[in-house]
Amino acid sequence: MKPILDVCCGGKMFYADKNNPNVLFCDKRKFETIFKKSKQKDEHFSVKPDMIADFKNLPFENESFSLVIFDPPHIKYGSEKSFMVQKYGKLDKNYKEDLAKGFKECMRVLKSNGTLIFKWSEAQISLSEILSCFDKEPLLMQKTSRTSHFCVFYKG
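Residues numbered from 1 in each chain as written. Predicted model: local features only at pLDDT ≥ 70, side-chain atom pairs only at ≥ 80, totals over all residues. Heavy atoms only, no water.

Undergrad: What is the right way to look at the environment of Gly89 in this model?
TA: Of note, Gly89 is situated in the loop between helix H1 (83-88) and helix H2 (95-109). By relative accessible area, which is 5% here, Gly89 ends up buried. Considering only alpha carbons, one finds Gly89 and His74, 15 residues apart in sequence, at a separation of 7.5 Å. Contact partners of Gly89, with chain neighbours within four places excluded, come to Arg29, Pro73, Ile75 and Met84. (Helix = DSSP H or I, 4+ residues; strand = E, 2+ residues; numbered from the N terminus. Buried < 20%, exposed > 50% of the residue type's maximum accessible area, 1.4 Å probe, protein only. Contact = heavy atoms within 4.5 Å.)

Right, here's the structure in full:
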């Protein structure tokens, strides 16, 4: 078993090595597309997880991973064919419950003394609204752009 789990890897956009052998990349989607760019070359984009899995119901034993990465969809409004929805996924109407379940699943599969990294974009929903769905406070929080945040949780 690999030591690191990414539960919704999408296009693996923030990875230095998109094929890191230590990471088990999971997502509930798998597809390839080409985004038409005006005045630029077209962009090839793919979601190619190692395993199809839904972050709300992970198929792993308790305490299986030392590090879990949780970068769920952050878009609530948008067409299924839009660039943003295809690239990042879309939340269901029950997104608060879904994200709470996902967080609990991530903590369940995380080993004791393990770390959970949660990434959130405030494009449509505030970080504080999402963190209120979780039953644990982050250890660290870092705003990395106008809307993007990384939160670190520790399972002691």
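Undergrad: What am I meant to see in the sheet that holds strand E7 (residues 110-121) here?
TA: Sheet strands pair via backbone hydrogen bonds, and the direction of the pair is either parallel or antiparallel. Taking strand neighbours across the sheet as the criterion, the seven strands line up as E5-E2-E1-E6-E7-E9-E8 in an open arrangement whose pairing is mixed. One side of each edge strand has no neighbouring strand; the edge strands of this open sheet are strand E5 (51-52) and strand E8 (140-143). Pairing of strand E1 (residues 4-6) with strand E2 (residues 23-27) involves three bridges; the strand directions are parallel. Bridge assignment links Ile4 to a residue of E2, and that residue is Val23. Strands in contact with H2 are E1, strand E6 (65-70), E7 and strand E9 (148-155); relative to E7, the strand with the most contacts, it is inclined by about 150°. (Pairing = 2+ DSSP bridges. Axes fitted to C-alpha atoms, helices over the stretch in contact; angles between N-to-C directions.)

Undergrad: Is there a simple way to think about the packing of aromatic side chains in this case?
TA: Here a ring pair, both rings aromatic, is described through the centre-centre distance and the interplanar angle of the planes. Applying the stated criterion across every chain yields a total of 11 aromatic pairs. Here the aromatic rings of Phe103 and Phe134 are separated by 4.2 Å at their centres, their planes lie at 10°, and the arrangement is stacked. With Phe103 in helix H2 and Phe134 in the loop between helix H3 (127-131) and E8, this pair connects stretches of sequence that are 31 residues apart. You'll find Phe103 and Phe134 in the same group, each marked buried. Arranged with centres 6.1 Å apart and planes meeting at 10°, the rings of Phe118 and Trp120 form a pair that is stacked. Residues Phe118 and Trp120 agree in their burial class; the two are buried. Through a chain of ring-to-ring contacts, three or more aromatic side chains come together here, namely Phe55, Phe70, Phe103, Phe118, Trp120, Phe134 and Phe153. In this structure, Lys12 packs its charged tip against the face of Phe25, placed 4.1 Å from the ring centre. Sitting over the face of the ring of Phe55, Lys56 holds its NZ or CZ atom 5.6 Å from the ring centroid. (Phe/Tyr/Trp six-rings, centres within 6.5 Å; stacked < 30°, edge-to-face > 60°. Lys NZ or Arg CZ within 6 Å of the ring centre and 35° of its normal.)

Undergrad: Whenever I open this one, the pairing of E6 confuses me. Can you help?
TA: Moving residue by residue along a regular strand, the side chains alternate between the two faces of the sheet. Two strands pair when backbone bridges link them, and E1 and E6 are joined in this way by three bridges, in the parallel orientation. When the bridges of E6 are listed, Leu5 appears paired with Val68. In the sheet, E6 pairs with E7 via five bridges, with the strands oriented parallel. Bridging across to E7, Leu67 finds its partner in Thr115.

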